[in-house]
Amino acid sequence: KNTLVRNGIELGVFDTLTAFAVKSIQGIEALRAWLELDPHQHTVLGPLLDATKNAIQTRHWLYSRHAMNALSEVYTRSLCLQQRDPESKYHPDAWLDLARHGIGAVNESINLSLAQNHPEEADCADTALALANYAVSLANPGSIHSVNISGPSSDLCVWQLALKCLEHPRRHVAKTCLDAWLELFDIGLDQRHPNLNQVIHQVLEICIRQSTFIGAKDEDETDAVQSFREAAVDIFISIYYAVGGQVFTKKICDIVLKALSSQDINTTEAALFALLSAARDMTEELEESEIVRNTFATPIDAILSITFLSKGLTGTILNLLALAPSLFKNDKNFVLTPKALRYTITALHEIDLRLEASKAFRTLCLTCPRMLFIRHGDLLLAAHYAMTQNPCTSNADRDARVSVILALARLCSNVEDEESSSTVAHLALEPSIKLLASALHDQETRQAILSLRLLEASVAYCREKERLFHFFIQHAWPLVESCHTQFAATAHFFENNNFRVIVRALRVHLSLLESSKNDVTARALIESSLNYYEHQNLVAALPCLAQALESLDAASANYMIHIAQRLLTACAPRFGQQSIIIDSNDLDDNDEEICADEDAAVLDCFKKMALYCSLPLPASTWDIAISAILNPNVSPGALRAAANLFSALSRRSPCSIDQGIKATSAVLSALRSGGPSTARPALAEALHTLISHADGPRWIELSSSNTHTKNILLNNGDHEAWNHILKTLISFIPEKQKFKALAVDIAKLYSGEISIDTIITAIVPRRSHQ
């Protein structure tokens, strides 16, 4: 390569190439190849600049396109030229001179594009695209021109070129130069040319105009507009920060009102899209500034008074309503809110607008629930009707129904009046009931899951409302019970997601139980949950079983013992095997993980029975907790649950001496293994509870005197040190916190986190202090 470059210059090859470059595209390509051989060969840049300017001046568009592409590629390679050769005639001014020539070329391209079907229009547009890329390169902070093109005394030709490219009818040309304007907004106001601050308003107007779908004749042009809009979001946000909320909203307001006066729906929608782009960033200012809030609301208020003009405009307005709760919080005269509610509910009837409308409706319900209900209960009925008149048509439609129904339920929970809240709760429940009835009729699993989720949430939001409870029992509960007959007896219980319907039905039952605290309801849920675990291995039913056990009354001790025996029998074949976990990534309908660690779920049920049952549990309950802790593959959750079960059993359920020794030995073994740090506090609590038993000190001595255990506990065989730790541990029984701290230190010792000397040093002062 070095030989070619050196000899090429000496033999005159380079001179031939530069002469050829002025005449043909192949010459341009040859120069570009030459520059790739020697990126710092500044002698190439002069002919390339001259050839490009000549092509632009003579309107040789095909040649200009190739020349500009070559020049854009080599520009960044030449940034070091000025430092290497300050006296070079190819001073940065030469590059700016090309930008000045480019302004006319882009203007010509705009005219050709507007003329339509001109034979040179495509090549001319490609030249404009290359010039747009060139403007971005010049504006880049790493450019040798970045200081010279924006300062107080600079030449503004680069920004004039960028502005002209931004106006180009071809959206891909306009989109390209947006990066140049983003670079400008990163320059401090005190470092900019004064005229550039005026240009910002032009950029806003042009970007709004380019964001309209006017003139988009086919799918490709529509996609180009959409692509420009996505890129322009950052420009709108940057302009908001550059000029401030008051100026920004005033400018948008003026554009919208002027467009509405001439019935220019496209420009109206594009201007509101610009406002929407910055809405999230304006939240704080909207909350604090009444001027900005009123200006922001003016164009929205104007459109809310008009029947839907277009789906695009309506969707943008609905999104603005969803993102601007401060408009309704501060609507002191309650003028804007009713208009927004009517507009939103009308949109709920349009399937294509339902998702956006549901978000706006949710914002309204969360912002001013009481006023909405008191003054506009009829409109809430209309929202209810919109959600129930037709079946779900798509995932988006289903999500919209969820949002609206849950918003009604939340609204109900914020209205204190019993009669009013019951009425609104009916609105929240009735759509769910109708959806569930339809799902049961068609045996449609996904719709059944959706409706049960809504019922669960509705009951949860509206607890302790007596009329709601009666309404639910009368209308919803029979359908929930029907789920068990419709979806539980199928041959493919797990494969077709029927089990998810059952879990949802159990959760609705649990939500009802939390509202009623009724022993009969609790027993029904316990029977259903346990039956599903016994006969269909439905692990996800166990959390419902555990929570239902808390609601049994004091007279249910014998019943609880019966349940414990059934659970022992049911879990015996599988307990201690691989836990059943369903990954949340496999779930539909944005459902959360519903199946958990089986061993942990079983142990949690036994813990609830040990805590709430006034009679001792079967002795074999001790054995299942011991086996869980001794299982080398036990999960952290099951280990923690087993430790908690020991603590509960020690208070009320007696065990044999052998079981006591095994339980204590198991907990010590778990601590000596280090184990997960999250389980250590529970293990320390269990150990304290066990040896606080009358026979506890004897248990710990017998369990720790085993030679094998001692050798594992202390790898260095320092039995004297271990005996000292053991005696100290027993002496700390009256002081629970010290006991637990030392037990956790034992776990840290055997996981290698601390040394035995650290423990000995720590406990000696404690004993001395005593």
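Above this text sits the structure in question.
Predicted model, so just to flag it, every value in this text is computed and none were measured.

Visitor: Can you explain the layout of surface pockets? Please cite residues and give values.
Guide: Here the second largest pocket is characterised by a volume of approximately 330 Å³. If you trace the second largest pocket, you find 13 residues lining it, with N294, L327, N330, D331 and K332 closest to the centre. The element contributing the most residues to the lining of the second largest pocket is helix α17 (residues 290–304), with six residues. Of the residues that constitute the lining of the second largest pocket, the class distribution is four nonpolar, four polar and five charged.

Visitor: I'd like to hear about the packing of helix α32 (residues 620–630) against helix α34 (residues 657–672), residue by residue, with values.
Guide: When two helices pack together, their arrangement is given by the angle between their axes and by how far apart the axes lie. Orientation of α32 relative to α34, taken along the N-to-C sense of each, is 25°, at an axis distance of 9 Å. Taken together, α32 and α34 sit at an angle that is classed as roughly parallel. Crossing handedness for the pair α32 and α34: left-handed. When α32 is examined against α34, the residues W622, D623, I626, I629 and L630 are found in contact with a partner set consisting of Q659, K662, A663, A666, V667 and A670. Classifying every residue of the contact of α32 with α34 gives eight nonpolar, one polar and two charged.

Visitor: Describe the packing of aromatic side chains, listing the residues and the values that go with them.
Guide: Within the structure shown, the criterion is met by six aromatic pairs. Look at F236 and F273: their rings are 6.2 Å apart centre to centre, the planes differ by 80°, and that puts the pair in the edge-to-face class. In this pair, F236 sits in helix α13 (residues 219–243) while F273 sits in helix α15 (residues 265–279), placing the two residues 37 residues apart along the sequence. Given the relative accessible area of 0%, F236 is considered buried.

Visitor: Outline unusual backbone geometry, listing residues and values.
Guide: With a phi angle near 55°, Q263 is a residue other than glycine that sits in the positive phi range. If you trace the backbone, Q263 turns up in the loop between α14 (245–261) and α15. With phi around 55°, N537 is a residue other than glycine that occupies positive phi space. If you trace the backbone, N537 turns up in the loop between α28 (519–536) and α29 (542–549). By relative accessible area, which is 35% here, N537 ends up partly exposed.

The rules we used
- Residues numbered from 1 in each chain as written.
- Predicted model: local features only at pLDDT ≥ 70, side-chain atom pairs only at ≥ 80, totals over all residues.
- Heavy atoms only, no water.
- 1 Å grid on protein atoms, 1.4 Å probe; cavity = no way out; pocket = protein on both sides within 12 Å on 5 of 7 lines; lining within 4 Å.
- Points joined across faces, edges and corners; volume = space filled by probe spheres on them.
- Helix = DSSP H or I, 4+ residues; strand = E, 2+ residues; numbered from the N terminus.
- Nonpolar A, V, L, I, M, F, W, Y, C, P; charged D, E, K, R; others polar.
- Axes fitted to C-alpha atoms, helices over the stretch in contact; angles between N-to-C directions.
- Parallel < 35°, antiparallel > 145°, perpendicular 65-115°, else oblique.
- Left-handed = near helix turned anticlockwise from the far one by under 90°.
- Contact = heavy atoms within 4.5 Å.
- Phe/Tyr/Trp six-rings, centres within 6.5 Å; stacked < 30°, edge-to-face > 60°.
- Buried < 20%, exposed > 50% of the residue type's maximum accessible area, 1.4 Å probe, protein only.

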